[in-house]
Amino acid sequence: MKTKAESATEAQPQNSRKLVVEYFKSRPDIGFKKLLLDVALEARDPFKPWEPRKWKKGFVAAVLVLLLAAGWFGYWNILN
């Protein structure tokens, strides 16, 4: 026969998982999508929130370099 403490510890993982999921769903300011947007876009102007966010110059440069490298690789290794 199990004690109350043993049955409580067995029930906690499901309960704690539910609490963690609810916590992250209630916080729209964190998450993987938000991380990707913060990496690619400039910070929003707090005085003009209606304006769209601009691309970060470093992110655009990195994407262009990667596309150039993929094109170079494709030209020399696949087409020739």
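Residues numbered from 1 in each chain as written. Predicted model: local features only at pLDDT ≥ 70, side-chain atom pairs only at ≥ 80, totals over all residues. Heavy atoms only, no water.

**Section: the overall build of the chain**
Assigned secondary structure in the chain consists of three helices and zero strands. Each helix (α) and strand (β) of the chain, taken in turn from the N terminus, gives the series α-α-α. If you sum the accessible surface of the chain, you get close to 7700 Å²; carbon and sulfur atoms cover 68% of it. (Helix = DSSP H or I, 4+ residues; strand = E, 2+ residues; numbered from the N terminus. Areas by Shrake-Rupley, 256 points an atom, 1.4 Å probe, with all protein chains shown as cover.)

**A word on the packing of aromatic side chains**
For the coordinates displayed, the defined rule picks out three aromatic pairs. Pairing W55 with F59 gives two aromatic rings, centres 5.9 Å apart and planes at 5°, and the pair type is stacked. With relative accessibility at 30%, the residue F59 sits in the partly exposed group. Between W72 and W76, the ring centres sit 5.9 Å apart and the planes meet at 55°, which makes this aromatic pair tilted. Of this pair, W72 and W76 both sit in helix α3 (residues 57–79), separated by four residues, roughly a single helical turn. When its relative accessible area of 58% is taken as the criterion, W72 is described as exposed. Among the aromatic side chains, those forming a connected cluster through ring pairs are W72, Y75 and W76. (Phe/Tyr/Trp six-rings, centres within 6.5 Å; stacked < 30°, edge-to-face > 60°. Buried < 20%, exposed > 50% of the residue type's maximum accessible area, 1.4 Å probe, protein only.)

**With respect to the environment of W55**
In this structure, W55 sits in the loop between α2 (32–40) and α3. Along the backbone, W55 and V39 are 16 residues apart, and their C-alpha atoms lie at a distance of 9.3 Å. Residues contacting W55, with those up to four places away along its chain left out, are A40, L41, E42 and V60. (Contact = heavy atoms within 4.5 Å.)

**Remarks on the confidence of the model for the chain**
Fine structural detail should not be taken from predicted coordinates in areas where pLDDT scores are low. For the chain, per-residue confidence averages 83 on the pLDDT scale, and 81% of positions sit at 70 or higher. By mean pLDDT, helix α1 (residues 4–25) is the weakest element of the chain at 69, and α3 is the strongest at 93. (pLDDT = per-residue confidence, 0-100.)

**With respect to the pattern of salt bridges**
Tallied over the full model, the rule gives one salt bridge. The salt bridge involving R53 is made with D38; its shortest N-O contact spans 3.1 Å. Here D38 lies in helix α2 and R53 lies in the loop between α2 and α3, a separation of 15 residues in the sequence. Of the residues examined, D38 reaches a relative accessible area of 34% and is grouped as partly exposed. (Salt bridge = Lys/Arg side-chain N within 4 Å of Asp/Glu carboxyl O.)

**Description of the side chain of R53**
Its relative accessible area of 18% is what places R53 among the buried residues. There is a polar contact of 3.1 Å between the side chain of R53 and the side chain of D38. Engagement of the side chain of R53 in a polar contact is seen with the backbone oxygen of E42, the distance being 2.9 Å. In this structure, R53 is in contact with K34, L37, D38, L41, E42, A43 and R44, ignoring residues within four places of it in sequence. (Polar contact = N/O pair within 3.5 Å; in protein donor to acceptor, adjacent residues only side chain to side chain.)

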